[in-house]
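Analysis of the macromolecular model
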Amino acid sequence: MGRLLISNLGYPRIGIDRKWKRSLESFWNGATTQEQFLKDMRDMRLANILRQKELGVDLIPVNDFTFYDHVLDHAVMFGVIPKRYKHQSGPVDLKTYFAMARGDQERVACEMTKWFNTNYHYIVPEYEKDVSLKLMQNKPLESFREAKSQGIKGKPVIIGPLSFAKFSKGDFESISSYVHQLLPLYVQLLQELEIEGCDWVQIDEPTLVTNVTNQDMQLIELIYRKLHTEVPKMKIMLQTYFDSLENYEALIKLPVDGIGLDFVHGLDKNIASLEKYGFPSDKVLGAGIINGRNIWRCNLIEKYKLLQRIIPRVPAERIWIQPSCSLFLTPVSSTSETKLPEFLLKSIAYSEEKLKELFIIGKACNEGFDSVSAEVQQSTAALEKLQEERNKIRAHTDNWSNLESLGLDRCSFDTRYDAQVKNLNLPLLPTTTIGSFPQTAEVRRMRNAWKKGTMSDADYDAFIKKQIEKWIKIQEDIGLDILVHGEPERNDMVEYFGEKLGGFAFTQNGWVQSYGSRCVKPPILYGDVSFQGPMTVKETVYAQTLTKKPVKGILTGPVTILNWSFVRDDLPRKIVCYQIALALREEVLALEKGGVRIIQIDEPAVREGLPLKESDWKDYLDWAVKGFKLSSAKVRPETQVHSHMCYSEFQDMIQSILDLDADVISIEASRSHGEMIEVFENFKYSKGIGLGVYDIHSPRIPTIDEMIETILRGLKVIDPRLFWVNPDCGLKTRTDEQTISALKNMVAAAREVKSRIAPQ
């Protein structure tokens, strides 16, 4: 039997200690020169490549590293640069690049949205028809040369033409016309790589696992026949991930040299297609057998058996074993985790450990299963111990199929909203924020000191109270109508709650990139979830004692906690969601009992979890809605329930958002340049809604006139009685000065609009 090879699809950018994040932010703050910044980034790129070589990877990805976002990299590489950035020609300078990503005081940032059904956000390319597309800079070629200088023949990673076109928005007449403009640039890019001596490129077409149209198939055939004709010697691995391949029988006939399939999230359908239609004898199969999105060790025996099903149909010498997707969605290495319980530490696998698992599986196939018996025995024992620990904390035996008995419905919206307006004394166009205020260096320093035990509980509580007092006063001075306590005690909106619920564990360095330099540390949800005691009541109730205005209680919702955690893989996700929802219900009722009259249950990740295939949507949306209602439906009619969602395309699930039955939804409407408002031009939303009037992810301070324009456009389609004014998202990443200035403008804009529609 021939030897199968080990391939990787992408490596974490951030590094074990998040040096990448610190380098970025130091450069943005002016503490690092551009020369030093570029050197630091090069050093990190090379370190990533060399580490993968050490771990036994045969086909090492290059061009998977980025200064901010890999989709943005492709946009600037192809000249997809909106005219407002005033770029002339040649490679894009860093100032323009980061302005597209983050905005600056003169230029609004490009839109940001979720990368398929993950918690990663990419920058949406904006095409304008008067902008000429051309290959500004061959970044894959530069990355290939860089690796070559270290004696490594890398595998450049490139987003495919169809997927890139579908990621984009703008003035193109059709996806087809846009692809036809892009295709010559891809030909040029590959020709230059071929001249340099590149053997293989990985062209990612993840859109092929979504709902593929006949037009999509025609374009795919055109694209890859064109590339094969123009660059015949270049070997192309057509890579898919996140689900099963649509149109398998047709796509395996494309003139490419390999096809990568996800045998984790698309296992059943992909293996069925392979067994039914076979696999071409002239192609390499990229077998994605290790989960690139979760952190549990794999069952090595099961993976070996899976390959034994595949090998009779595809010889080992034509198989690359690899993760199911790029590993930038998982932390780097578990070697720095020292505080996890032993049973958890032995049962998790971060990116480096996943590559080690691939090496073991590859060795088993190439040298025989007996050659890895010790490693298999160790891994099996770890997984058995994990399940033993899970069984010790079994907490829920409810009949989840009969959720109605647990109470999911409130009285009619009109009845309770009238009671809430009266109870809260709400003005027309009430102003509020989403929840968090700046997490300054001082706040983080004090929290770290408290966690390390160098600051007493009493001193830390006193500090938190001072922060709450500070922001309550600022909000009253600004003139906001509904206040928040500011969340100074919270590290992350999911991690904070997981720390206080049963069934969760927490890492020291389990960081993953969310967007730009923003990294999050998802909790490990390993067992049954249970309520352990009040989590937010003390701070929220204290804030309410400081003001006569209503203070919102802020919670993270069950679907978001689920989607932003590393979730146990032994139960259906909907059952885990219901467990979280029941625990949160206890907190909701505790807040209400404490006198909190507005409770916001945030669900920014509800759209993120939507399956990639439309045929699977109904089941997910059904249990996601039930999970939210399970957490919120027991409150009194006069208690107002809010929820918040951000930076995703909600057009496909607007009815489900209404079905959540929240009294008020706040949702992004500014970074997409108001396009979200178009949804409400075609769908009558009959409950309260706050269309975010400015983008908090940019340091830019929006003008009053800009926010007035957004409010007025929203009022064309939303009843003023139901309309709220708020930012797009929480303000923890901004400075005090940026926050105060922007909120002053927001309140001024609301007052101006109110004077126009209801003159005093």
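Anyway, here's the lowdown on the structure attached to this text. This is a predicted model, so every value here is computed, not measured. (Residues numbered from 1 in each chain as written. Predicted model: local features only at pLDDT ≥ 70, side-chain atom pairs only at ≥ 80, totals over all residues. Heavy atoms only, no water.)

1. Focus on the overall build of the protein
From N to C terminus, the protein includes 26 helices and 24 strands. Against the 2.2 N^0.38 benchmark of 27 Å for 760 residues, the protein shows a C-alpha radius of gyration of 26 Å, consistent with a compact globule. Overall, the protein is about 80 × 65 × 50 Å in size when its C-alpha atoms are taken along their principal axes. In the protein, the share of contacts with a sequence separation of at least 24, taken over all contacts with a separation of at least 6, comes to 80%. Counting only carbon and sulfur atoms, one obtains 48% of the accessible surface of the protein, whose full area is about 28,700 Å². Considering the protein, the positive charge centre built from 97 side chains and the negative charge centre built from 102 side chains are found 2 Å apart. (Helix = DSSP H or I, 4+ residues; strand = E, 2+ residues; numbered from the N terminus. Rg over C-alpha atoms; globule rule 2.2 N^0.38 Å. Contact = heavy atoms within 4.5 Å. Areas by Shrake-Rupley, 256 points an atom, 1.4 Å probe, with all protein chains shown as cover. Lys, Arg positive; Asp, Glu negative; His and termini not counted. Charge placed at Lys NZ, Arg CZ, Asp CG, Glu CD.)

2. Notes on the sheet that holds strand β22 (residues 664-668)
In space, the seven strands of this open sheet follow the order β13-β18-β20-β21-β22-β23-β24, with parallel pairing throughout. Looking at which strands have only one partner, the edges of the open sheet turn out to be β13 (483-484) and β24 (723-724). (Pairing = 2+ DSSP bridges.)

3. Brief notes about the packing of aromatic side chains
Tallied over the entire structure, the rule returns 32 aromatic pairs. Their ring planes at 55° and their centres at 6.1 Å tell us that Phe27 and Phe98 sit as a pair that is tilted. Taken together, the residues Phe27 in helix α1 (residues 19-28) and Phe98 in helix α4 (residues 94-102) connect sequence positions 71 residues apart. Phe98 shares its class with Phe27; the two are buried. Through successive ring pairs, a cluster of aromatic residues spans Phe27, Trp28, Phe37, Phe67, Tyr68, Tyr97 and Phe98. In this arrangement the basic side chain of Arg102 is found over the ring face of Trp28, its NZ or CZ atom lying 3.8 Å from the centre. (Phe/Tyr/Trp six-rings, centres within 6.5 Å; stacked < 30°, edge-to-face > 60°. Buried < 20%, exposed > 50% of the residue type's maximum accessible area, 1.4 Å probe, protein only. Lys NZ or Arg CZ within 6 Å of the ring centre and 35° of its normal.)

4. Quick look at the packing of α1 against helix α2 (residues 34-54)
Contact geometry of α1 with α2 gives a least axis separation of 10 Å together with a crossing angle of 165°. For the element pair α1 / α2, the angle class is roughly antiparallel. Crossing angle aside, the handedness with which α1 passes α2 is left-handed. Of the residues in α2, those in contact with Lys19, Trp20, Ser23, Leu24 and Phe27 of α1 are Gln34, Phe37, Asp40, Met41 and Met44. Of the residues in the contact of α1 with α2, the class split is six nonpolar, two polar and two charged. (Axes fitted to C-alpha atoms, helices over the stretch in contact; angles between N-to-C directions. Parallel < 35°, antiparallel > 145°, perpendicular 65-115°, else oblique. Left-handed = near helix turned anticlockwise from the far one by under 90°. Nonpolar A, V, L, I, M, F, W, Y, C, P; charged D, E, K, R; others polar.)

5. Here's the deal with the pairing of strand β14 (residues 501-505)
Counting buried residues in β14 gives five out of five residues, a clear majority hidden from the surface. For β14 and strand β17 (residues 524-531), the ladder comprises four bridges, and the chain directions are antiparallel. If you follow Ala505 over to β17, its bridge partner there is Ile524.

6. Description of the sheet that holds β17
Strand order in the open sheet formed by three strands is β14-β17-β19, and the pairing between neighbours is mixed. Two strands bound the open sheet, and with one partner strand each, they are β14 and β19 (566-567). By the bridge criterion, two bridges tie β17 to β19 in an arrangement that is parallel. Across the sheet, residue Leu525 finds its bridge partner in β19, namely Val567. In the packing of helix α21 (residues 573-593) onto the sheet, the strands contacted are β14, β17 and β19, and the crossing angle to β17 comes to about 40°.

Honestly, it's all geometry; don't read function into it.
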